[in-house]
Amino acid sequence: MYYDELTAALEKAVTKLGLEIEHIEVMPPRDPSHGDASTNVALILAKKAGRNPRELAAELVDALELPENYIDSSDIAGPGFLNFRFGRAWYESVLRDVVSGGDAYGTSDGGRGKNIQIEFVSANPTGPLNIVSARAASVGDAIGTLLEATGVSVQREDYVNDAGQQVGKLALSVDARLKELRGEPFEIPEGGYHGEYLKDVAASLLAAKPDLGAMPDKERIAYLREAAIENIVAGQRADLEAFGVTHDRWFHETELAEAGAVEDVLEKLKASGETYEKEGATWLRTTPHGTNDDKVIVKSDGVPTYLLPDVAYHINKFDRGYDPVIDLWGPDHHAHIAETHAALEILGYLKERLEVQIIQQVNFIEGGEQVKMSKRTGNIVTLRDLIADVGVDVAKFFFLMRKQSAHLDFDLDLAREQTDENPVFYVQYAHARVSSLIRFAADKGASVPAADEVDLADVSGEDARSLVLLLADFPRLIAGAAEAREPHRLTTYLRELSAAFHSYYHGHQIVSDDAGTTSPRLFLSQAVKTVLGNGLRLLGISAPERM
RNA sequence: GCCCCCGUAGCUCAGUUGGAUAGAGCAUCGGUUUCCUAAACCGGUGGCCACAGGUUCGAAUCCUGUCGGGGGUACCA
């Protein structure tokens, strides 16, 4: 964002020279000794115009028109890069904008008018949320806030898969636990759920309805089908709430069935002429749309496969006006992307409208060894366990440190560490440190000056350079992370900014008896605090005032 | 077999959608507190970006192939 003015000036200069370019890219150079901003326009133009890039660069510099003190120097390097060093006016305007922007600093409106839905977690309603769901919760929520920060209207949804045959198995499994509670012989049914958590579910259902045992079998099982799901989903929702993640809507698969949406999709698929009967089942010709084989949509027993309700669900989302729809799926659902896209295409929808992000699996590492996730050994298996072990902030930050599409090694020893080695505390400490500085200054009668009054000469120079450049880059980073659906860029950034601040802090006495340096340095610190706080908030992580 | 992800320092990973001399944390070696929070900072050691081709002014990044690791590949959801 802070390259906008320079970019615009470059565009004008290009026109002045009678040349044309589609897009001018101005970036911070990788090596800071090359300056504050760099562009390769001359290289690109030279190719098209058949000219020497360095000569062209020199002409561009001559044609540039910028405000006074905006640029300190510009030079031509290497094959024809143009490097600029910003001047006082630029540094000061960044700092003033950060502080006066406050909570809104970093937001933009490039996504205004877009209506995006993100569906995440959507765990089977047969048990508590596991670790992949926990990762999905962190990532999905963060992608949502990042999109919101670019002006997008975001809806967060959780899909409750309450219509498949697993529901019956769940009811029978809970019924077995009810028998166990009464001290009767019991048996978990074939293919049922053996988790101990169902004992708790059974107990709480019994407490709510003490006459359960007296109900006729058929009636009781029918009751359990709904009550068990409801109980477990309520537990999932409570766990997510404890994790600071809230969905706008919990969409039940049964809603689709009730609306006749599944039959409707089946009709339309048949009408498309892309279905056929084979071995008593109904198949969909998905192979021309990129799958390995055609897919069964109605089994030989007459029951639809998951694909029909899934497609019906996505059409439902499209009908609600979301474009695109982003889904976060677990690694085990990876193979279904192609077939869902295929079915949507057959029905005339652009497959780009459904964007699927795969949230890869998580391995816990303890003592250098991979931890087997099993309840029997007492290790962490659920989101609830994880929160109890390392806390919400640490869990979220760790999940957001890696690209979600890659496997994550979650270092439990490090996560439990309450020291400088833990990156979460490192970032939070930087934030708390600024708060502490401001408190200390207040004791001495100093406060953060107003943006339009402060003289920033002291922090517009060499010493504060890397810090201000990072602050200036924040809006661009947010927009890029939202666009790429990559919240991990933000954790990386926050660690860098924290390091830059800690370093500046050690090199400079912020609060002193000299009001001439205290005032601008407090202002700079406030700017850092603003960005750290905004960044942490976007990730759903707390920004403490003291530690 | 086919599909996806991954391969960057001893370890865990970044690398801003193709830029200049490839970065951080940890580990390791050595320094910094009469001073605003040492949960911090400064410096050293450490690299054939898996390998081989290709695309171009320019490749860790894009394409092809090979090797290695992980996951997926139901008339379950």
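Residues numbered from 1 in each chain as written. Chains lettered and ligands numbered in written order. Predicted model: local features only at pLDDT ≥ 70, side-chain atom pairs only at ≥ 80, totals over all residues. Heavy atoms only, no water.

**Student:** Help me understand the overall build of chain A in this model?
**Tutor:** For chain A, the helix and strand inventory stands at 19 helices and 15 strands. Projected onto its principal axes, the C-alpha coordinates of chain A cover approximately 85 × 60 × 40 Å. A burial count over chain A gives 50% of its 547 residues as buried. Long-range pairs, those at least 24 residues apart, make up 71% of the contacts in chain A between residues at least 6 apart in sequence. With an accessible surface of roughly 25100 Å², chain A has 48% of that area assigned to carbon and sulfur atoms. (Helix = DSSP H or I, 4+ residues; strand = E, 2+ residues; numbered from the N terminus. Buried < 20%, exposed > 50% of the residue type's maximum accessible area, 1.4 Å probe, protein only. Contact = heavy atoms within 4.5 Å. Areas by Shrake-Rupley, 256 points an atom, 1.4 Å probe, with all protein chains shown as cover.)

**Student:** It is not clear to me how the domain arrangement of chain A should be interpreted in this structure. Could you clarify?
**Tutor:** Accessible area lost on assembly of the parts is the figure often given for the size of an interface. Domain annotation of chain A identifies domain 1 (4-86), domain 2 (165-242) and domain 3 (423-538). Summarising the inter-unit geometry, the C-alpha centres of domain 1 and domain 3 are found 29 Å apart. Contact residues are listed per partner, giving six residues for domain 1 and five residues for domain 3. With both sides pooled, the region where domain 1 packs onto domain 3 buries about 370 Å², and carbon together with sulfur makes up 41% of that total. If you sort the residues of domain 1 by the area they bury against domain 3, P28, D36 and R85 come out on top, with a joint share of 72%. In this structure, the connection of domain 1 to domain 3 is made through one salt bridge. Broken down by class, the residue content of the side of domain 1 that touches domain 3 amounts to three nonpolar, one polar and two charged. (Domains from an automatic or database assignment. Buried area = accessible area lost by both parts, 1.4 Å probe. Salt bridge = Lys/Arg side-chain N within 4 Å of Asp/Glu carboxyl O. Nonpolar A, V, L, I, M, F, W, Y, C, P; charged D, E, K, R; others polar.)

**Student:** How should I be thinking about helix 5 (residues 131-149) in this particular structure?
**Tutor:** Since the α-helix turns once every 3.6 residues, residues separated by three or four places project in the same direction. If you check helix 5, its first and last C-alpha atoms are 27 Å apart, about what 19 residues at 1.5 Å a residue would give, namely 27 Å. For helix 5, the tally of buried residues reaches 17 of 19 residues, placing the bulk of the element in the interior. Looking at where helix 5 begins, the residue whose side-chain oxygen comes 3.2 Å from the main-chain nitrogen of V132 is N130. In the segment just after helix 5, G151 is the residue with positive phi, at about 95°. (Expected span 1.5 Å × (residues − 1). Polar contact = N/O pair within 3.5 Å; in protein donor to acceptor, adjacent residues only side chain to side chain.)

**Student:** Would you mind going over the sheet that holds strand 2 (residues 37-39) with me for this structure?
**Tutor:** Sheets are built from strands that pair by backbone hydrogen bonding, the pairs being arranged parallel or antiparallel. The strand order across the open sheet formed by four strands is 1-2-4-3, and the pairing between neighbours is antiparallel. Here the strands that pair on one side only, and so sit at the sheet edges, are strand 1 (26-27) and strand 3 (71-77). Relative to strand 4 (residues 81-86), strand 3 runs antiparallel, the two being bridged by six bridges. The partner of I71 across the bridge, within strand 4, is F86. Against the sheet, helix 3 (residues 53-63) contacts strand 3 and strand 4, and its axis sits at roughly 165° relative to strand 3. (Pairing = 2+ DSSP bridges. Axes fitted to C-alpha atoms, helices over the stretch in contact; angles between N-to-C directions.)

**Student:** For this particular structure, what's the right way to read unusual backbone geometry?
**Tutor:** In terms of backbone geometry, most residues other than glycine have negative phi values and most peptide bonds are trans. A cis amide bond, omega 0°, links D323 with the succeeding residue P324. Along the polypeptide, P324 turns up in the loop between helix 11 (307-319) and strand 11 (325-329). You will see that V121, though not glycine, has its phi angle at about 80°, which is positive. Mapped onto the elements, V121 comes out in the loop between strand 5 (115-119) and helix 5. The class of V121 is buried, set by a relative accessible area of 10%. Even without glycine at this site, E279 takes up a positive phi of about 50°.

**Student:** Would you take a moment to explain the packing of helix 2 (residues 41-49) against helix 3 for this structure?
**Tutor:** The relative placement of two packed helices comes down to the angle between their axes together with the axis-to-axis distance. Relative orientation of the contacting elements helix 2 and helix 3 amounts to 120°, with a least axis distance of 8 Å. As summarised for this structure, helix 2 and helix 3 are arranged oblique, according to the angle between their axes. Two packed elements cross with a definite hand, and for helix 2 against helix 3 that hand is right-handed. Here V41, A42, L43, L45 and A46 of helix 2 lie close against helix 3, whose contacting residues are P53, L56, A57 and L60. (Parallel < 35°, antiparallel > 145°, perpendicular 65-115°, else oblique. Left-handed = near helix turned anticlockwise from the far one by under 90°.)

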